[in-house]
Amino acid sequence: MNIPVVDLSDFLSGDATRKQNFVNELGKAYEEVGFVAVKNHGISDDLIADLYKYVQAFFALPTDTKLKYEKKELAGQRGYTSFGREHAKGYEAPDLKEFFQLGQTVTDNDPIKEEYPDNVTVDEVPEFTPTMLSAYSNFEKSGKSLLQAIALYLGLDEHYFDEYVHNGNSILRAIHYPPITSEPKSAIRAEQHEDINLITLLVGASADGLQILTKQNEWVGVTSLPEQIVVNVGDMLQRLTNNRLRSTTHRVVNPPRELWATSRYSIPFFLHPKGSMNLACLEGCITEGSPKAYEDATAGEYLDERLREIGLKK
Ligand SMILES: O=C(O)CCC(=O)C(=O)O
Ligand SMILES: [Fe+2]
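Scope of this entry: the structure provided in the associated data block. If you're wondering where the values come from, they're calculated on a predicted model, not measured in any experiment.

## Here's the deal with the overall build of the chain
Working step 1: Helix and strand content of the chain: eight helices and twelve strands.
Working step 2: Against the compact-globule benchmark of 20 Å for 314 residues, the chain has a radius of gyration of 19 Å, which places it among compact chains.
Working step 3: The principal-axis extents of the C-alpha atoms in the chain amount to approximately 55 × 50 × 40 Å.
Working step 4: For the chain, with 314 residues in total, the buried portion stands at 40%.
Working step 5: Of the contacts formed within the chain by residues at least 6 apart in sequence, a portion of 75% connects residues at least 24 apart.

What follows is the structure in structure tokens.
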């Protein structure tokens, strides 16, 4: 299925009509589908190519080497998480994936630094960490623009989300789905789930496997062009908007048998606000027809609950 396509350069063009059209298209897509493909997203082809190169080099390291970077006490939030650890909410069987997570680099002496674990530097592939850091800041910048458009769509101040994104708790996750060597019992590469965060920017989702559940309850494959990134709404934004914007269920299915020997890589950027952000449903999204659907919570409280549910936090 072709998901709606939006052009971020319209939003950044300085032309009021193009900007407003972008806001309307993005908002409508997020009410109806929950997923869009974004072109002119601001992350250079060279950076994406480097990112893939070094991510592949990292996962190609021997297991013992990768295990040095697994920090179980950090609940997978930084560094490496080995194959078979994470499972989707409500599922016992772990996903068929290993991953590496990089978090925020706090600037301007913000005391929030104390709340975040340090990033883990990989020695064996020296270019890996600097490339991930560069990708992190590029994704964060594009994500901030997209949230500005979402704020306008919701009738909020354009910069409503800015302060929560700045030094926020976002995560860049590089995922490797290894070749499949024997009939998986019940597991698939990534079992159906909704993302926890505000929005997810996904590079590499164009490779086969990603599917979304439509309003008609049908699984359809997501297709986008190589120069586009896929950006979807997560549960925090769905909650904040009292279900007006949709956090669409998605999964990654196993390839057909003849492609079992191939790996799949994908690199989502989970845009999380600061833990202190209030996720109570916005007044403007509560109506007689749509009464308030969620208890009040901060982003930090909600994240802790969700990490426990997926087996990463005790
Ligand atoms: O691998 C993908 O394309 C999607 C992964 C995903 O949905 C996730 O990690 O939340
Ligand atoms: Fe996801």
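## Here we look at the environment of Trp 219
Working step 1: Among the secondary structure elements, Trp 219 is positioned in strand β9 (residues 219-221).
Working step 2: In this structure Trp 219 touches Gln 211 and Leu 213, once residues within four positions along its chain are discounted.

## As for the sheet that holds strand β1 (residues 5-7)
Working step 1: With mixed pairing, the eight strands of this open sheet are ordered in space as β1-β2-β10-β7-β12-β5-β4-β3. The open sheet is flanked by β1 and β3 (79-81), the only strands paired with a single partner. Direction aside, neighbouring strands of the sheet carry axes that sit 25° apart on average.
Working step 2: Pairing geometry for β1 and strand β2 (residues 35-39), over three bridges, is parallel. By the bridge assignment, Val 5 is partnered in β2 with Ala 37.

## Quick look at the sheet that holds strand β8 (residues 210-213)
Working step 1: Taking strand neighbours across the sheet as the criterion, the four strands line up as β6-β11-β8-β9 in an open arrangement whose pairing is antiparallel. Of all the strands in the sheet, the pair left with one neighbour each is β6 (190-193) and β9. Neighbour-to-neighbour, the strand axes of this sheet turn through a mean angle of 20°, independent of strand direction.
Working step 2: By the bridge criterion, three bridges tie β8 to β9 in an arrangement that is antiparallel. Looking at the pairing, Leu 213 lines up with Trp 219 of β9.

## Here we look at the nonpolar core
Working step 1: The biggest cluster of nonpolar side chains holds 73 residues, and the ones touching the most others in it are Leu 26, Val 36, Ala 149 and Ile 199.
Working step 2: No other element matches helix α5 (residues 128-153), which puts ten residues into this core.
Working step 3: Those residues in contact with Leu 26 that sit more than four places away from it in its chain are Val 6, Val 36, Ala 149, Ile 150 and Tyr 153.

What counts and how
- Residues numbered from 1 in each chain as written.
- Chains lettered and ligands numbered in written order.
- Predicted model: local features only at pLDDT ≥ 70, side-chain atom pairs only at ≥ 80, totals over all residues.
- Helix = DSSP H or I, 4+ residues; strand = E, 2+ residues; numbered from the N terminus.
- Rg over C-alpha atoms; globule rule 2.2 N^0.38 Å.
- Buried ≥ 20, exposed ≤ 12 C-beta atoms within 10 Å, placed from the backbone.
- Contact = placed C-beta atoms within 7 Å.
- Pairing = 2+ DSSP bridges.
- Axes fitted to C-alpha atoms, helices over the stretch in contact; angles between N-to-C directions.
- Core = buried A, V, L, I, M, F, W, Y, C linked by C-beta atoms within 7 Å.

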